[in-house]
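One letter stands for each residue in the lines below.
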Amino acid sequence: MDKWGNILRSTRIERTLIPISFILLTCSIANQINLEIFSLILICTLIYITGGILNAKVDNDFKLKKILIPSSILILIAIILSLQNKILIITTLAWIALSFLYNKKSRKILFADSIILSITHSLLPILSTAFILGIFHKTFPIAVFVFLSMNLIIPMKNLNGIQEDLKRKYKTLPTKFQNGRTITIFLFNLYSILIILSLFLFNLNPNILILFSIIFLFHLLVNYLLKTKQDYLAYTIARFIVILFNLTIILSISTNKIILLGISLIAITYSAYLIKEVKNKWNTMM
């Protein structure tokens with residue numbers, strides 16, 4: 001049971017919620033969703049689960065043995081699902097290749113991990129969805145914006161476990177530069193500025209300012225946690241900010257009930273995960 005429990009924990013399935021939220025964000029621009037999009041969501045989940053297992057194995061986060069068979073089965077299912085059309089096939093192969101590259105090579109090159117995760121988390125889901133729905137011309141500006149902004153927030157993940165990263169010879173801002181922590185926090189705040197600027201860049205409805213104010217409150221909380229060096233919780237909440245931003249945009253432009261239900265479930269699910277992590281941290285401190 002411990003073996004399968006470790007495998008389940010290593011999947012880190014909560015990480016799939018961000019790319020799925022970007023899929024739904026793109027769907028909201030077209031205000032439609034179809035069966036191919038549901039296949040894309042399932043493929044995304046399967047590949048992210050597999051990537052989580054491989055990542056945990058490489059970093060030795062859990063005692064994992066004989067992961068080849070379950071990982072291969074998940075990848076095989078994803079590939080079979082992708083055979084519906086060329087876009088799904090290309091996306092699936094790209095996700096698999098980038099997941100392998102991330103686990104094997106990226107963290108030995110400064111910023112490579114952030115760039116790859118920005119592609120897999122946001123750019124690839126957005127562009128794949130846009131091509132499936134035939135709205136590439138409408139989504140290209142926001143795809144570029146999201147890709148750039150995600151590169152600003154993802155380096156936060158490297159604030160947690162700096163000593164372990166040094167032992168593994170990973171190239172990150174905190175392991176390479178004496179003021180790497182300060183640079184990382186600056187990038188996060190730059191991300192928050194970009195989120196505010198999106199109101200004007202994309203001419204968003206002013207009615208969503210209330211939701212943006214909630215995002216701003218979470219921004220202040222993350223900065224407090226960073227100041228007190230509670231880095232794991234800070235990044236966990238920062239990821240929630242990404243989901244909240246997508247939720248805000250979707251609520252402002254979409255009337256499709258399935259899309260609205262989907263993003264709401266994602267926000268609720270991540271909220272439950274966040275509450276659990278806060279409780280675990282609190283219990284550890286007590």
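Up top is the structure.
Described in the following lines is the structure provided in the data block. A quick note: this is a predicted structure, and the numbers were derived from the prediction, not measured. (Residues numbered from 1 in each chain as written. Predicted model: local features only at pLDDT ≥ 70, side-chain atom pairs only at ≥ 80, totals over all residues. Heavy atoms only, no water.)

As a further point, take the packing of aromatic side chains. Tallied over the entire structure, the rule returns 6 aromatic pairs. A ring pair is formed by F212 and F245, whose centres lie 6.2 Å apart and whose planes are at 85 degrees; its orientation type is edge-to-face. With a gap of 33 residues between them, F212 in helix α11 (residues 209-227) and F245 in helix α12 (residues 231-253) connect regions that are remote in the sequence. Ring centres of F240 and Y270 lie 5.7 Å apart, and the angle between their planes is 10 degrees; on these two criteria the pair is classed as stacked. Residue F240 is located in helix α12, and its partner Y270 is located in helix α13 (residues 257-285); the two are separated by 30 residues in the primary sequence. For Y270, a relative accessible area of 0% puts it in the buried group. Each member of the aromatic cluster is reached from another via a ring pair, and the members are F218, F240, Y270 and Y273. (Phe/Tyr/Trp six-rings, centres within 6.5 Å; stacked < 30°, edge-to-face > 60°. Helix = DSSP H or I, 4+ residues; strand = E, 2+ residues; numbered from the N terminus. Buried < 20%, exposed > 50% of the residue type's maximum accessible area, 1.4 Å probe, protein only.)

With that settled, the discussion passes to the packing of helix α10 (residues 180-201) against α11. Between α10 and α11, the shortest axis-to-axis distance is 11 Å and the interhelical angle comes to 175 degrees. Compared by their axis directions, α10 and α11 come out roughly antiparallel. Touching R181, I185, F188, N189, S192, I195, I196, S198 and L199 of α10 are L209, F212, H219, V222, N223 and L226, all from α11. Looking at the contact of α10 with α11 residue by residue, the class counts come to 9 nonpolar, 5 polar and 1 charged. (Axes fitted to C-alpha atoms, helices over the stretch in contact; angles between N-to-C directions. Parallel < 35°, antiparallel > 145°, perpendicular 65-115°, else oblique. Contact = heavy atoms within 4.5 Å. Nonpolar A, V, L, I, M, F, W, Y, C, P; charged D, E, K, R; others polar.)

An α-helical turn contains 3.6 residues, so any two residues separated by three or four positions project in the same direction. Relative to the 32 Å expected for 22 residues at 1.5 Å per residue, α10 spans 30 Å between its end C-alpha atoms, a close match to the ideal helical length. Buried within α10 are the following residues: G180, R181, T184, L187, F188, Y191, S192, I195, S198 and L199. Next to the buried residues of α10 lie α7 (136-153), α9 (173-176), α11 and α12. Where α10 terminates, the next one or two residues include N203, which has phi positive at roughly 50 degrees. (Expected span 1.5 Å × (residues − 1).)

This part covers the packing of helix α2 (residues 17-30) against helix α6 (residues 112-133). Viewed as axis vectors pointing N to C, α2 and α6 meet at an angle of 35 degrees, and their least axial separation amounts to 8 Å. Handedness of the α2/α6 crossing: right-handed. Residue-level inspection shows I18, P19, F22, I23, T26, C27 and A30 of α2 in contact with α6, the latter providing T120, H121, S122, P125, I126, T129, A130 and L133. Its residues assigned to classes, the contact of α2 with α6 comprises 10 nonpolar, 5 polar and no charged. (Left-handed = near helix turned anticlockwise from the far one by under 90°.)

The next point concerns the side chain of T248. Mapped onto the elements, T248 comes out in helix α12. The exposure class assigned to T248 is buried, which follows from its relative accessible area of 2%. Each residue touching T248, except ones within four places of it in the same chain, is listed here: I208, L211, F212 and I215.

Let us now look at the nonpolar core. Core analysis: the biggest nonpolar cluster contains 81 residues, and I153, M156 and F188 have the highest contact counts within it. Counting residues per element, this core draws most heavily on α12, which supplies 14 residues. (Core = buried A, V, L, I, M, F, W, Y, C linked by side-chain atoms within 4.5 Å.)

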